[in-house]
Amino acid sequence: LREANERITAALEGAEFGMFEHVVGVGDVNWNAKNYEILGIDPGVTDPAKLFATWREGAGETFDKLMRDVASIPPDKHTYSYEFVFQPPGGTPRRVCANAFIERDKDNRPTRILGITRRIDV
């Protein structure tokens with residue numbers, strides 16, 4: 001499993017995709033090095049809560065819409081694709097596409113979003 005994970009990670013990074021994990025309700029985000037580049041965020045921001053705050057600020061109103069959309073997805077659906085414009089701190093806006101898998105708790109509430117991103121305005 002570890003070897004397969006390493007191959008998938010290498011393939012995604014080589015294909016210019018970023019990987020991310022968002023813990024819903026906690027406000028933590030984790031992601032790979034490619035996601036920093038895609039979004040234009042300083043790679044020195046590694047604390048999950050600070051990274052989340054930086055991402056949320058750059059996502060602007062998109063964040064609230066995204067959370068409403070994820071919360072309204074029927075319990076039997078576990079994937080979600082979306083595009084948004086991200087404004088990195090001190091940088092130019094970037095158009096980004098994300099494809100995500102939604103994990104749910106026993107009450108079918110979204111608890112974790114795992115996905116891949118790519119920049120689509122280049």
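First, a word on what this report is: a plain description of the structure on this page. None of the values given here were measured: they were computed from a predicted structure.

The rules behind each value
- Residues numbered from 1 in each chain as written.
- Predicted model: local features only at pLDDT ≥ 70, side-chain atom pairs only at ≥ 80, totals over all residues.
- Heavy atoms only, no water.
- Helix = DSSP H or I, 4+ residues; strand = E, 2+ residues; numbered from the N terminus.
- Rg over C-alpha atoms; globule rule 2.2 N^0.38 Å.
- Buried < 20%, exposed > 50% of the residue type's maximum accessible area, 1.4 Å probe, protein only.
- Contact = heavy atoms within 4.5 Å.
- Areas by Shrake-Rupley, 256 points an atom, 1.4 Å probe, with all protein chains shown as cover.
- Lys, Arg positive; Asp, Glu negative; His and termini not counted.
- Charge placed at Lys NZ, Arg CZ, Asp CG, Glu CD.
- Phe/Tyr/Trp six-rings, centres within 6.5 Å; stacked < 30°, edge-to-face > 60°.
- Pairing = 2+ DSSP bridges.
- Axes fitted to C-alpha atoms, helices over the stretch in contact; angles between N-to-C directions.
- Expected span 1.5 Å × (residues − 1).
- Arc of directions from axis to C-beta.

## Describing the overall build of the protein
Here comes step 1: Looking only at helices and strands, one finds 4 helices and 5 strands in the protein.
Here comes step 2: The secondary structure elements of the protein, listed N-terminal to C-terminal, are α-β-β-α-α-α-β-β-β.
Here comes step 3: In terms of C-alpha radius of gyration, the protein reaches 14 Å, essentially the compact-globule figure of 14 Å for 122 residues.
Here comes step 4: For the protein, the C-alpha atoms occupy an extent of roughly 40 × 40 × 25 Å along the three principal directions.
Here comes step 5: Taking all 122 residues of the protein together, 36% fall into the buried category.
Here comes step 6: Sequence-distant contacts in the protein: of pairs separated by 6 or more residues, those separated by 24 or more amount to 41%.
Here comes step 7: Roughly 7200 Å² of accessible area belongs to the protein as shown, and the carbon and sulfur atoms make up 53% of that amount.
Here comes step 8: Charge-centre separation for the protein: the mean point of 16 positive side chains lies 3 Å from the mean point of 19 negative side chains.

## Let's talk about the packing of aromatic side chains
Here comes step 1: Tallying each qualifying case throughout the model produces 6 aromatic pairs.
Here comes step 2: For the ring pair Trp31 and Tyr36, a centre distance of 5.8 Å and an interplane angle of 90° mean the geometry is edge-to-face.
Here comes step 3: Geometrically, the ring pair formed by Tyr80 and Tyr82 is stacked, given 5.2 Å between the ring centres and 25° between the ring planes. Tyr82 shares its class with Tyr80; the two are buried.
Here comes step 4: Three or more aromatic residues joined by ring pairs make a cluster, and in this case those are Phe52, Trp55, Phe63, Tyr80, Tyr82 and Phe84.

## Side note on the sheet that holds strand 3 (residues 79-86)
Here comes step 1: Taking strand neighbours across the sheet as the criterion, the 5 strands line up as 2-1-5-4-3 in an open arrangement whose pairing is antiparallel. Single-partner strands in this sheet number two, and they are strand 2 (28-31) and strand 3. When strand polarity is set aside, the average angle formed by the axes of neighbouring strands in this sheet is 25°.
Here comes step 2: The pairing of strand 3 with strand 4 (residues 94-104) spans 8 bridges and is classified as antiparallel. Following the sheet pairing, Val85 is matched in strand 4 by Arg95.
Here comes step 3: The strands touched by helix 3 (residues 48-59) within the sheet are strand 1 (18-23), strand 2 and strand 3, with strand 2 carrying the most contacts at an inclination of about 95°.
Here comes step 4: Together, strand 1, strand 3, strand 4 and strand 5 (110-119) form the strand contacts of helix 4 (residues 61-71), whose direction differs from that of strand 3 by roughly 170°.

## Digging into helix 3
In an α-helix there are 3.6 residues to a turn, and that puts residues three or four apart on one side.
Here comes step 1: An ideal rise of 1.5 Å per residue puts 16 Å on 12 residues; helix 3 measures up with 16 Å between its terminal C-alpha atoms.
Here comes step 2: Taken as a whole, helix 3 has its buried residues at Leu51, Phe52, Thr54, Trp55, Gly58 and Ala59. Down the axis of helix 3, the sector holding all buried residues measures 165°, keeping them to one side. Within helix 3, the exposed residues directed more than 90 degrees away from the buried face are Lys50 and Glu57.
Here comes step 3: Contacts from the buried residues of helix 3 go to strand 1, strand 2, helix 2 (33-39), helix 4 and strand 3.
Here comes step 4: Downstream of helix 3 by a residue or two, Gly60 has a phi angle that is positive, lying close to 60°.

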